Amino acid sequence: MRPTYEIGLVLSGAISAGAYTAGVMDFLIEALDAYEEAKGQAGWDGPTHNVRIPIMAGASAGGMTAAIAALHTFRRLEHVWPGKPIPPDTRNRLYSSWVRDIDIMRLLETTDLDGVKASAGVKSALCCDVIDEIVANAFNLSGELRQPNWVGRGDERSLRVMFTLTNLRGVPYSFQLFGTNDPRRYGMLNHGDYLDFNIGVEPRSIDGALSLDIQNTVGDGWDLFRTGAKATGAFPMGLAPRYIERPPTDYWHSDRVGFETDGGFTTVDPDDWVGTVKPYAFVSVDGGTIDNEPLELARRYLAGAGGKNERAGDKASKSVILISPFPNYQKTTLESRGEKLVDVVPRLLSTLVDQARFKPAELELVQNEDVYSRYMIAPEREPNAHPDSKLYPIACGVLGGFGGFLHQSFRRHDYLLGRRNAQAFFRANFALPVSNPLFNEFPQERRDKWLVRDIKTGALKTYATKNGEEYGLPIIPLIEPLSEEIKIEAADLPKPQVFHQPDVRSALQAAIQRRAETVVGALVDNDLKDATSGFLGYFKRLGAKRFGTDFAVGKANASIFAAIDDVTNAFYEN
């Protein structure tokens, strides 16, 4: 049996920079398909080990990208290259969803609040009808079904896909801390949740995971998959929350709550009454609010019950790859003496989110070059002289991550940069020392050609082992033309200058005005009806609508056009 290397993919939250993550996934699928095909051809002189992906775990935009990538795993994907025709939508939903279909003008539509819909209340600042369309269209794929050899574990060709969720209801856990005869229990709620799917052709049933047959994508299970994909990306207030119904028994198989011991991970069960609530229903918002990089979900799955993933370079056989458009690099926060209520309240939500995501031990391992069980792909490009260039390596990074929605050129650039960065990662970083057992069947006389080299200097790279430094071999060998550098030319740079055209600028401002008037009007007339009724109610409502609309429009215009300037500086100022 050929030696096998397993990869767990972790796709972190990214908002509009899901376009970058999608580009990484595009190249990864292309590289794996090409390697599998090359191994079977006569005259192949490269490594012959197996590479498998048994799991994808995603949060927010990363979860949505994982959902689309999972569907494309079982139907061949046509790839995107600079200067070449763009594939039809049904042949590449990663590109069509993240580059073509999502856009600020669609998000500023008012169809979600037209007519009687307004009486149901405002669910989000932006219109999410386009997201519903994108998720529905993602299942419209052409091409024959397939079961690629690089998917699954052992003899299985199924793929585990997990989406993190923020469960606003929470799941109760309580403990006996006051003595065996005392009925009181110490209780807490867990709001960090996730959905777990096992996708394949007639996949086997697994406790705690919902098995979905890719041959027939209709039914309750696939409906939950669709809803879960939208729920994990439901950015609080900006995008609409989603209503989830799931079997309560899932929580007795979940590895979400527990603790590490010498014998592995010990699961802690929720309160017994949870099992009687069928289904266990809750409103969910963005999974990245609590768990934006679900590294532990992928790590524990790779390691197996009670196991650990070997970190040493000469022994590693499994690793997690984190795809992170916005890596949480250490940074110095600005001191603020704002102590008034109006100063504290806006900072409180971000403080709670930052603390929920605080996982220094996990992220340290990802960035440690001596740890071969965790890797990270993050945006990188040559900066120009302007400081904004280093601050925003991707165009989608402006406007707090929403900037990519402003223009298709922003998203296309970032998609191509994702492919370029993924190529560089597999060429020069994703490698193991030559003494690793993965290469035992690779003849010594054929290795020199495949030794990993520094991209810029061409010098052979070395990798640490307990016996010293060794040369390295690639885990996923890149065949030609995939090894030829992907270059992003001027035609594929972001085009913020289009917003200097009066018709484009005025159309965007008009759409902002309409959306603000519609949202504020629906809030005042329906959600805040009691607060604006009674004596002088008409004037209260009129004033609230005018003030709310003017405030929202002013904030939106100032933020958006400042973001456009940021992109201009980052990509064009020298």
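Predicted, not measured: the structure shown is a model, and the values here were computed from it.

A. Focus on the overall build of the protein chain. Along its length, the protein chain carries 13 helices and 14 strands. Counting only residues that meet the buried cut, the protein chain has 52% of its 574 residues in that class.

B. Fine view of the pairing of strand S2 (residues 50-58). Here S2 lies mainly inside the structure; 9 of its 9 residues are buried. Between strand S1 (residues 4-11) and its parallel partner S2, the chain crosses via helix H1 (residues 18-39), and the hand of that crossover is right-handed. Across 4 bridges, S2 lies against strand S3 (residues 159-175) in parallel orientation. Bridge pairing in S3 places Ala-57 opposite Met-162.

C. Representation of the pattern of salt bridges in the model. Scanning the model with the defined rule gives 27 salt bridges in all. For Glu-296, the salt bridge is made with Arg-300, and the minimal N-O distance between the two is 3.3 Å. Residue Glu-296 and its partner Arg-300 are both found in helix H7 (residues 295-303); the two are separated by 4 residues, about one turn of the helix. Among the salt bridges present, the one from Lys-545 reaches Asp-525, with a minimum N-O distance of 3.0 Å. Taken together, the residues Lys-545 in helix H13 (residues 537-572) and Asp-525 in helix H12 (residues 502-527) connect sequence positions 20 residues apart. Using a relative accessible area of 32% as the deciding quantity, one classes Asp-525 as partly exposed.

D. Representation of the packing of H1 against helix H11 (residues 408-428). For the pair H1 and H11, interaxial distance at closest approach is 7 Å and the crossing angle is 45 degrees. When the axis of H1 is compared with that of H11, the two are oblique. Helix-helix and strand crossings are classified by hand; for H1 and H11 the assignment is right-handed. Mapping the contact onto sequence places Ala-19, Tyr-20, Ala-22, Gly-23, Val-24, Asp-26, Phe-27, Leu-28 and Glu-30 in H1 and Arg-411, Asp-414, Tyr-415, Leu-417, Gly-418, Arg-419, Asn-421, Ala-422, Gln-423 and Phe-426 in H11. Per-class residue counts for the contact of H1 with H11 are 10 nonpolar, 4 polar and 5 charged.

E. Unusual backbone geometry, seen in detail. In this structure, the amide linkage connecting Lys-278 to the following residue, Pro-279, adopts the cis form with an omega of -5 degrees. You can see Pro-279 is positioned in the loop between strand S8 (264-267) and strand S9 (280-285). The linkage connecting Glu-480 with the following residue, Pro-481, adopts the cis geometry, with an omega of 5 degrees. Residue placement: Pro-481 occurs in the loop between strand S14 (468-474) and H12. Backbone geometry places Ile-15, a non-glycine residue, at a positive phi of 55 degrees. Relative to the assigned elements, Ile-15 resides in the loop between S1 and H1. The phi dihedral of Met-237 falls on the positive side, at around 75 degrees, and the residue is not glycine. Mapped onto the secondary structure, Met-237 falls in the loop between helix H6 (220-232) and strand S6 (242-246).

F. Focus on helix H5 (residues 129-137). Inspection of H5 places Val-130, Ile-131, Ile-134 and Val-135 among the buried residues, and these make up the whole buried set. End-on, the buried residues of H5 take up no more than an arc of 135 degrees, which puts them together on one face. Against helix H2 (61-73), helix H3 (93-101), helix H4 (104-107), H6 and S6 lie the buried residues of H5.

G. Spatial organisation of H12. Here H12 spans 36 Å end to end across 26 residues, near enough to the 38 Å set by a 1.5 Å rise per residue. All buried positions along H12 are accounted for by Leu-508, Ala-511, Ile-512, Arg-515, Ala-516, Val-519, Val-520, Gly-521, Ala-522 and Val-524.

H. Molecular detail of the sheet that holds S14. Within the open sheet, the 3 strands sit side by side as S12-S14-S13. Their pairing is antiparallel. Each end of this open sheet is capped by a strand with a single partner; those strands are strand S12 (431-433) and strand S13 (462-465). On average, each strand axis in the sheet is inclined to that of its neighbour by 50 degrees, with strand direction left out of account. For S12 and S14, the ladder comprises 3 bridges, and the chain directions are antiparallel. Across the sheet, residue Pro-433 finds its bridge partner in S14, namely Gly-472.

I. Structural view of the state of the cysteines. Enumeration according to the criterion identifies 0 disulfides in this entry. In this model Cys-128 remains outside any disulfide bridge; the closest cysteine sulfur is found in Cys-127, 6.7 Å from its own.

J. Local environment of the UniProt feature "active site" (unreviewed entry) in the protein chain. Under the feature "active site" (unreviewed entry), the UniProt entry names Ser-60 and Asp-286. What stands out for the annotated residues spanning 227 residues is how close their C-alpha atoms remain, the widest pair being 5.5 Å apart. Along the chain, the position of Ser-60 falls in the loop between S2 and H2. Look past the residues within four positions of Ser-60 in its chain and what remains in contact with it is Gly-13, Ala-14, Thr-232, Gly-233, Asp-286, Gly-288 and Asn-292. Its place among the elements puts Asp-286 in the loop between S9 and H7. On the basis of relative accessible area, Asp-286 is assigned to the buried category, the value being 3%.

K. Expanded view of a nonpolar patch on the surface. Together, Phe-535, Leu-536, Tyr-538 and Phe-539 make up a nonpolar patch on the protein surface, roughly 530 Å² of accessible area in all. With respect to the helices and strands, the residue Phe-539 is situated in helix H13.

L. Structural detail: the packing of aromatic side chains. If you walk through the whole model with that rule in mind, you get 20 aromatic pairs. When the centroid spacing of 6.0 Å and the interplanar angle of 80 degrees are considered together, the rings of Tyr-5 and Phe-430 count as edge-to-face. Of the two residues, Tyr-5 is situated in strand S1 and Phe-430 in the loop between H11 and S12; the sequence distance between them amounts to 425 residues. This pair shows no difference in class: Tyr-5 is buried, exactly as Phe-430 is. A ring pair is formed by Phe-27 and Phe-426, whose centres lie 6.4 Å apart and whose planes are at 15 degrees; its orientation type is stacked. Within this pair, whereas Phe-27 is found in helix H1, its partner Phe-426 is found in helix H11, the two being separated by 399 residues in sequence. Counting every residue linked through ring pairs, the aromatic cluster contains Tyr-5, Phe-27, Tyr-375, Phe-425, Phe-426 and Phe-430. Positioned over the ring face of Trp-81 is Lys-84, at 5.3 Å from the centre of the ring. Positioned above the aromatic ring of Phe-561 is the side chain of Arg-505, whose terminal nitrogen or guanidinium carbon lies 3.9 Å from the ring centre.

M. Structural detail: the pairing of S3. For S3, a buried count of 14 out of 17 residues is recorded, marking the element as mostly surrounded by other parts of the structure. As defined by bridge partners, S3 adjoins strand S4 (residues 186-200) across 13 bridges and the pair is classed as antiparallel. Directly across from Arg-160, in S4, lies its bridge partner Asn-198. Sheet analysis places S3 next to S9, joined by 2 bridges and oriented antiparallel. By the bridge assignment for S9, Thr-166 is matched with Val-285.

Reading guide: rules and limits
Residues numbered from 1 in each chain as written. Predicted model: local features only at pLDDT ≥ 70, side-chain atom pairs only at ≥ 80, totals over all residues. Heavy atoms only, no water. Helix = DSSP H or I, 4+ residues; strand = E, 2+ residues; numbered from the N terminus. Buried < 20%, exposed > 50% of the residue type's maximum accessible area, 1.4 Å probe, protein only. Right-handed = clockwise from strand over helix to strand, strands pointing away. Pairing = 2+ DSSP bridges. Salt bridge = Lys/Arg side-chain N within 4 Å of Asp/Glu carboxyl O. Axes fitted to C-alpha atoms, helices over the stretch in contact; angles between N-to-C directions. Parallel < 35°, antiparallel > 145°, perpendicular 65-115°, else oblique. Left-handed = near helix turned anticlockwise from the far one by under 90°. Contact = heavy atoms within 4.5 Å. Nonpolar A, V, L, I, M, F, W, Y, C, P; charged D, E, K, R; others polar. Arc of directions from axis to C-beta. Expected span 1.5 Å × (residues − 1). Disulfide = S-S within 2.5 Å. UniProt positions renumbered as here; feature names shortened; annotations may be inferred. Patch = residues over 30% accessible without salt bridge, like charges linked within 9 Å, V, L, I, M, F, W, Y side chains within 5 Å. Areas by Shrake-Rupley, 256 points an atom, 1.4 Å probe, with all protein chains shown as cover. Phe/Tyr/Trp six-rings, centres within 6.5 Å; stacked < 30°, edge-to-face > 60°. Lys NZ or Arg CZ within 6 Å of the ring centre and 35° of its normal.

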